[in-house]
Amino acid sequence: MKVEIIELQLAKKGEIELSGTNGYVYGIETAQRIFLSTIGKSNIEKIGAIFVDSTNKIINYTTLAMGTINTVKLPMAELFKVALLCNATKFVIAHNHPSGILKVTPSDIQLTKKIGTIAKLFDMELIDSIIININGDIISIREYIMEKVQ
């Protein structure tokens, strides 16, 4: 009897220039530039993620999902598959609003909390979840949640 041997691996798809960054992400200021250049100007909603190591050095960026003009669904398995394969300890996720309106919805809050909970199970940290619009404006869902609690 033969059993197939299967390995998972990351495949390099290309490169993006991270101008104005030093290769590290500590918060939304650096992440904003990256997400603006990757998903910010799209006319459909997309979800992207920046994965970093324990020193916050950027390991990987990936666009996880593409949706429609006003919605996108995050494939949770894909998010954590990439995070595990690139040995990330932390990550930042973002989705864009092609409408230009920066409004945090209850589903944004629910999804952010769910991702944070799952990340903890893998000993990872969700640094932030952000929304970006075509103008480069951003809103931190983490900060929004903290303001609502206070």
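One can find the structure itself at the top, above this paragraph.
Summarised in this report is the structure supplied together with it. Just so we're clear, the structure is a prediction, and the values are computed from it rather than from any experiment.

Quick notes on the rules
- Residues numbered from 1 in each chain as written.
- Predicted model: local features only at pLDDT ≥ 70, side-chain atom pairs only at ≥ 80, totals over all residues.
- Heavy atoms only, no water.
- Buried < 20%, exposed > 50% of the residue type's maximum accessible area, 1.4 Å probe, protein only.
- Helix = DSSP H or I, 4+ residues; strand = E, 2+ residues; numbered from the N terminus.
- Pairing = 2+ DSSP bridges.
- Polar contact = N/O pair within 3.5 Å; in protein donor to acceptor, adjacent residues only side chain to side chain.
- Contact = heavy atoms within 4.5 Å.
- Axes fitted to C-alpha atoms, helices over the stretch in contact; angles between N-to-C directions.
- Expected span 1.5 Å × (residues − 1).
- Arc of directions from axis to C-beta.
- Core = buried A, V, L, I, M, F, W, Y, C linked by side-chain atoms within 4.5 Å.

## Details of the pairing of strand E1 (residues 46-52)
Then step 1. For E1, the buried fraction is high: seven of the seven residues fall into the buried class.
Then step 2. Hairpin connection between E1 and strand E2 (residues 58-66): a loop of five residues separates the two successive antiparallel strands, and Asn-56 in this loop has a positive phi of roughly 75°.
Then step 3. Where E1 meets strand E3 (residues 90-97), six bridges bridge the pair, whose relative direction is antiparallel. Each bridged residue has a counterpart across the sheet, and for Ala-49 the counterpart in E3 is Ile-93.

## Some remarks on the side chain of His-95
Then step 1. By secondary structure assignment, the location of His-95 is in strand E3.
Then step 2. In this structure the side chain of His-95 is engaged in a polar contact, spanning 3.2 Å, whose partner is the side chain of His-97.
Then step 3. Among residues more than four places away in sequence, those in contact with His-95 are Ile-39, Glu-45, Lys-46, Ile-47, Asp-108, Ile-130, Ile-131, Ile-132 and Ile-141.

## Observations concerning the sheet that holds strand E4 (residues 125-133)
Then step 1. Spatially, five strands are ordered E2-E1-E3-E4-E5 in an open sheet, and the strand pairing comes out mixed. Looking at the sheet topology across the chains shown, the edges are occupied by E2 and strand E5 (138-140). The mean inter-strand angle of the sheet, taken between neighbouring strand axes irrespective of direction, is 20°.
Then step 2. Two elements, E3 and E4, share eight bridges in a ladder whose sense is parallel. Residue pairing across strands places Ile-93 opposite Ser-129, the latter belonging to E4.
Then step 3. Against the sheet, helix H3 (residues 106-121) contacts E3 and E4, and its axis sits at roughly 155° relative to E4.

## Regarding H3
Then step 1. Between the first and last C-alpha of H3 there are 23 Å, a value that for 16 residues agrees with the 22 Å anticipated at 1.5 Å per step.
Then step 2. Within the sequence span of H3, burial applies to Asp-108, Ile-109, Thr-112, Ile-115, Gly-116 and Ala-119. All buried residues of H3 project into a common sector of 130° when viewed along the axis, lining one side. Exposed residues lying more than 90 degrees from the buried face of H3 are Pro-106, Gln-110, Thr-117 and Leu-121.

## Observations concerning the nonpolar core
Then step 1. One finds Phe-51, Leu-74, Leu-79, Phe-80, Phe-91, Ile-93 and Ile-115 to be the most contacted residues of the largest nonpolar core, which totals 20 residues.
Then step 2. If you list the elements that add at least two residues to this core, you get E1, E2, helix H2 (76-85), E3 and H3.
Then step 3. No other element matches the five residues that H2 contributes to this core.
Then step 4. Non-local contacts of Ile-115, meaning those with residues more than four positions away in its chain, are made with Leu-74, Met-76, Leu-79, Phe-80, Phe-91, Ile-93 and Leu-126.

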